[in-house]
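So the chains spell out like this:
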There are 2 protein chains.
Amino acid sequence: MYKFYEFFSSGNCYKIRLLLTQLDIPFQRIEINILKGESRTPEFLSKNPNGRTPVLEIEPGKFLAESNAILFYLSEGTDFLPTDSFEKAQVLQWLFFEQYSHEPYIATSRFWITTGKAEEYREALNQKRAGGEAALKVMEKHLTEHQYFVGERYTIADIALFAYTHVADEGGFDLSGFPAIQAWIKRVQTQPKHISITQQV
Amino acid sequence: MYKFYEFFSSGNCYKIRLLLTQLDIPFQRIEINILKGESRTPEFLSKNPNGRTPVLEIEPGKFLAESNAILFYLSEGTDFLPTDSFEKAQVLQWLFFEQYSHEPYIATSRFWITTGKAEEYREALNQKRAGGEAALKVMEKHLTEHQYFVGERYTIADIALFAYTHVADEGGFDLSGFPAIQAWIKRVQTQPKHISITQQV
């Protein structure tokens, strides 16, 4: 059985819980409390030298890091990843967009605010605002013309972008000006076997 | 023939020039001067709504953005991307590492310094130092034990990480303390049909 090393409230970790659940794949979860430095211990660094969650242990001693690489690995050969080369590349385009242009702004803001560091990071939070708004605008434009991110169906591109977008308000980003994103969030939430970010599995 | 929209001095764009050249794929390059705002025009935004280079036009009107998604697309079915599922996922792990934990520090520092903005961004450059050093340490550790990043052979993971690592000095990062990285750089530079970042194609 897969062992899944995760920090429960992290959206990056939630992505994997959600896909594993929707794929009906059993797994054992192991909480790594990043607030207590548990992702920087020698033991954890032997699993992921970059010291970040999530990490999936595929078989004893065989580790995979980076949430979106794990999504790709788990979804290959399933309905969650297209087989067409160009569509697959479009999925990856959105996964890289998520990690480069979205997560560093929206997820990082949410982390600071939800861990009680809003005052300490006030200036940094202000600096994150424009980037987060820009990412939401790119998503809104796409979702005004499409139901999902790739191929007009639910894929891991939607899972990756859903993880932090649907809790963007916890990072101080107001989605009321993004009606197409709001409608897409509802479409994602009504997929079979959907679980919320707070649901224990 | 592919049309390739790029900003020549960008490492993200160089990745694609290098792979296209090593794959013997002809392409037409179109310079997008990001310093003159050419990646934010309505015309360019119709190709990539995220307003970034590189963009590959695969056939008229069919665009792919995000350097590492383009690398994946071009390398599928070639020796530059493993076919084994786990090795392919490991390649993706390093591609996401590159975009999240490496590029935002080393490439951004290089951009500010090489475009004459070092003074203006002095404080931000200082803030980028620790993240860049941490990424280089993760690479050094891996390369102390391995010749290449995945499967002991040259793949797009090496291309992606080579692009900004071999010019890290232009971002103010000294590689003299990273002998395994230096040896790997030489291995990459001696691959068949290698081109340098300044070589016109």
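Refer to the structure above for everything that follows.
As the structure is a prediction and not an experimental result, all values here were calculated from the model. Residue positions are counted from 1 within each chain, in the order its sequence is given. Whichever chain is written first becomes A and whichever ligand is written first becomes 1, with later ones labelled in order. Totals for whole chains, interfaces and linings use all residues, but because this is a predicted model, local features are given only for residues with pLDDT of at least 70 and pairs of side-chain atoms are given and counted only at 80 or more. Only heavy atoms go into the side-chain values, all of them from the structure, while hydrogens and water stay out.

Novice: Any chance you could explain helix 7 (residues 179–189) of chain B here in plain terms?
Specialist: Three- or four-residue spacings in an α-helix give side chains the same orientation, since the helix completes a turn every 3.6 residues. Residue and element names in this part refer to chain B. Only protein chains enter the accessibility calculation, which uses a 1.4 Å probe. A residue is then buried if its area is under 20% of the maximum for its type, exposed if over 50%, and partly exposed in between. Each helix is a run of DSSP H or I of at least 4 residues and each strand a run of E of at least 2, with the numbering of both proceeding from the N terminus. Restricting attention to buried positions, one finds in helix 7 the residues A180, I181, W184, I185, R187 and V188. Viewed end-on, helix 7 has its buried residues packed into an arc of 160°, placing them on one side of the element. Turned more than 90 degrees from where helix 7 packs its buried face, P179 and K186 sit exposed. Buried residues along helix 7 sit against helix 5 (122–145) and helix 6 (156–165). As used here, the arc belongs to the directions running from the helix axis to the C-beta atoms. Note on contacts: a residue pair is in contact if any heavy atoms of the two residues lie within 4.5 Å.

Novice: Looking at this structure, I do not really get the environment of V150 of chain B. What am I missing?
Specialist: All names here are of chain B. Turning to its location among the elements, V150 is positioned in the loop between helix 5 and helix 6. Overall, the relative accessible area of 1% leaves V150 in the buried class. Taking the C-alpha atoms as reference, V150 lies 17 Å from A163; in sequence the two are 13 residues apart. In this view, V150 contacts P82, E87, Q90, V91, W94, T155 and A157; residues no more than four positions away in its chain are not counted.

Novice: Any chance you could explain the interface of chain A and chain B here in plain terms?
Specialist: Many authors give the size of an interface as the accessible area that is lost as the parts come together. In this assembly, 31 residues from chain A lie in contact with 31 residues from chain B. For the pair chain A and chain B, the two sides together bury roughly 3000 Å², of which 67% comes from carbon and sulfur. Buried surface area refers to the total accessible area, computed with a probe of radius 1.4 Å, that the two partners give up upon joining, counted for both partners together. The largest share of the area that chain A buries against chain B comes from F86, F96 and Y100 of chain A, three residues that together contribute 26% of it. Each reported salt bridge corresponds to a side-chain nitrogen of Lys or Arg within 4 Å of a carboxyl oxygen of Asp or Glu. Here chain A is connected to chain B by 2 salt bridges.

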